[in-house]
Each structure stands twice: as C-alpha cells, then as structure tokens.
Amino acid sequence: REPFTIPKYQWDSTDPLMCMEVVFGSGDLYRTGSAAGPGTIEEQWETGAAQKNPLGPGQWDALRLVQGSQGTMGIVTWGSVKLELAPKEEKCFFAAADRLEDLIDFTYRIQKFKLVDVCFTMNAAALSAVWAHETGGSSVGFPPWILVYSISGYEYFPTERIEYIEKEIDEIAGETSASPVSDISGVTADEIVRLITKPCCEPHWKKRQRGSCRDIFFITTLDRGPRFLEIMGARMKDRHFPESDLGIYIQPVQQGRNCHLEFSLMHDGENPVEAERVSSLFEEVSEAFLKAGAFYSRPYGIWADLAYRNDPHTVKALRMVKDMLDPGNVMNPGRLCFRKEV
C-alpha cells in the first residue's frame, strides 16, 4: 500500500500486486487470484498462463485482506507484480504555485486524461531536502508548492507522442493557474525525476536536516488537501513548530481519484524537550485529521486505535476472520484491532 509515483497505471488500490501465495496462521497454504489454479504454478506456466488476475478464487478478495493485515493473518511467500514498459524518451516539468489550491485543478485534469507518468507535489521544505541530500549541495529557493510530472514516449514515435501531449498539457495550463517550466532556480525537472526514481541513499533525506522525523500519512482526496493544511498549520502555531521543518508530500493514486497526503515533522530526536513536543503534536494532529476525514489505510501505532475505535462492527467481523485464518493467534498478535480483551 505504499504509494508509487506513476498513478495512471494504478487501476485499483492493490496495484501493482497481482497474485500471491500465503501461509495462514492455521498452517494452510493458499494461492490467490488466477494463481489458485487449476494446477500448480509450474503447470500453469507450461500452458502459457500468467498470474495476473488478483481477484478470487471464488467471490472473495483474499489479496486485499492479507495486504492490509500487517502480518496478522499470514505470511506471503511470493507474489506476482504488474510491470509497464520503460519509456524510450522522457521529458519532465515543474508547475509551481504560492498556494496548493492553484495546482489542484491542473493536477486533476492531467490525471483524468492520463497524460503524465510521474506525478507528485511537494512543498519547498521537502523538495529542498531531497535535492540537498541527494546532491550534497545546499538548499534551493524553491517556490512554496511544486508539482513534478513527466511525459513519456515509448517504442513507436516517442518524440511525436511527447510533443502532442506537451501541447495538450499547455492548453490545460492556459485554462488553469498552472505555468509549466523545465527548471527552477537552476534545478531541472529531469534531475528531480532522476533522483526520486532511484533508491534514497542513507541516511534518509528526511533525517538530513534535523536528524529525526515523524511522518503522518493517510488517504484523502486532493481537493480536501487545503483543509488538512489548515489543521496542521493551526496546531504547529500553537506548539511553536517552525514551518521550515515541515515537509509535505502529495501523491495522487488510483489515476488521481484520491491521494496519499504525508506530513513529515523533522526535528532533533536527541533533544528530549523537542522530541516530546513533536510526539505530542503527532498525536494531537493525527486525531484532528481523523475527525476531518483522513483515512488511515496503513494504521500503525496509535492510528490503529483511531481507525478502529469508531467501527465496532468491522472489528467484530475482522476478529471472526482472524479466528478462522489464525486460530492460535500466532501471527503478529496484538497488532491492529486484535489485542486481547481485558
């Protein structure tokens, strides 16, 4: 469920994971989707079959259940993953703005028509930290908000494809508040895309600035983003947390139907006073976000209590499933809503 940077290929929340083999807590070996059969995987391969349909077997979606279970149902031994062709040519752009609101309509429209590949937005603090960490240089004076996107050309007529898509995006930009450019303050969009499409070197870029970081991330829709920014801004002001230490990453998912919104609270973890202040801010803001409609798709730590406490019917159903698939409660006991009743 970690978001990836090319949302146009994500048709469902489980993409790009297709099928998998799982050993449930009961000891049963199980294959999901088209991998379930008939025959073994090797026999399926001999007939030319591929394990690319994640649904089933039958009328239930075991993949989705296991994918979100954080190891409380079983252990996945292998999975099949959907791949796409690497582009033959690629051209990258920025669209900068002083307010997030000025990029929302543009982002929705280029996603709607599946015009771009890489597509995400960061605030200046986050993108500056990425650039400085990966290049070993100093921070760059980026605008408050930066949308990064790429246009790809594939095997047939790659240059022509990029040209007509670029023209179409320019027309959309002319009808919105966006102004696409290829570089900002001497940093090119091609360089940024090259950096974010490779593994991050150690230590992670979020820790470069202050040494530690606490992340708050959830699923929402892009148009609701400004409301969450207001909530975070108000709580930061109350606790005197500097804006320069707040990184924000917005990743459209499922072809732009919703987005992953991530706040990074960069701080000095060796300073107990500052660490405690950030921990308190983390808990307070997490609850405020939930009340504002945040969906914690990956409810780690305190988010598990927040996500499940208002839905006892779902908790009851999940515990019944847990009892069937892991009757001995050996799989990651105590995680999610599977704590023992007192």
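The coordinates are above.
Calculation criteria
- Residues numbered from 1 in each chain as written.
- Predicted model: local features only at pLDDT ≥ 70, side-chain atom pairs only at ≥ 80, totals over all residues.
- Heavy atoms only, no water.
- Helix = DSSP H or I, 4+ residues; strand = E, 2+ residues; numbered from the N terminus.
- Polar contact = N/O pair within 3.5 Å; in protein donor to acceptor, adjacent residues only side chain to side chain.
- Contact = heavy atoms within 4.5 Å.
- 1 Å grid on protein atoms, 1.4 Å probe; cavity = no way out; pocket = protein on both sides within 12 Å on 5 of 7 lines; lining within 4 Å.
- Points joined across faces, edges and corners; volume = space filled by probe spheres on them.
- Nonpolar A, V, L, I, M, F, W, Y, C, P; charged D, E, K, R; others polar.

> How should I be thinking about the side chain of K322 in this particular structure?
Residue position: K322 is located in helix α11 (residues 312-325). Looking at K322, its side chain comes within polar contact range of the main-chain oxygen of M331, at 3.0 Å. Residue contacts for K322: discarding those within four places in its chain leaves T72, M73, P327, N329, M331 and F338.

> Could you clarify how one ought to interpret the environment of E2 in this entry?
As for its placement among the helices and strands, E2 is situated in the segment before β1 (17-24). For E2 and R214, which are 212 residues apart along the polypeptide, the C-alpha to C-alpha distance reads 17 Å. Within the structure, the side chain of E2 is placed 2.7 Å from the side chain of R298, a separation counted as a polar contact.

> How should unusual backbone geometry be read in this particular structure?
Trans is the common state for peptide bonds, and a negative phi is the common state for residues other than glycine. Here G37 and P38 are connected by a cis peptide whose omega angle stands at 10°. Assignment of secondary structure puts P38 in the loop between β2 (29-31) and α1 (41-46). The residue after G56, namely P57, is reached through a cis peptide bond having omega 5°. In this fold, P57 is placed in the loop between α1 and α2 (62-67). Not every positive phi belongs to a glycine, and S185 is a case in point at roughly 55°.

> So what exactly am I meant to see when it comes to the layout of surface pockets here?
With a probe scaled to a water molecule rolled over the atoms, the places where space remains empty come into view. Here the largest pocket defines a volume of roughly 800 Å³. The dominant element in the lining of the largest pocket, judged by the number of residues it contributes, is strand β10 (residues 212-220), at three residues. Each residue belonging to the lining of the largest pocket can be placed in one class, and the counts come to 17 nonpolar, eleven polar and nine charged.

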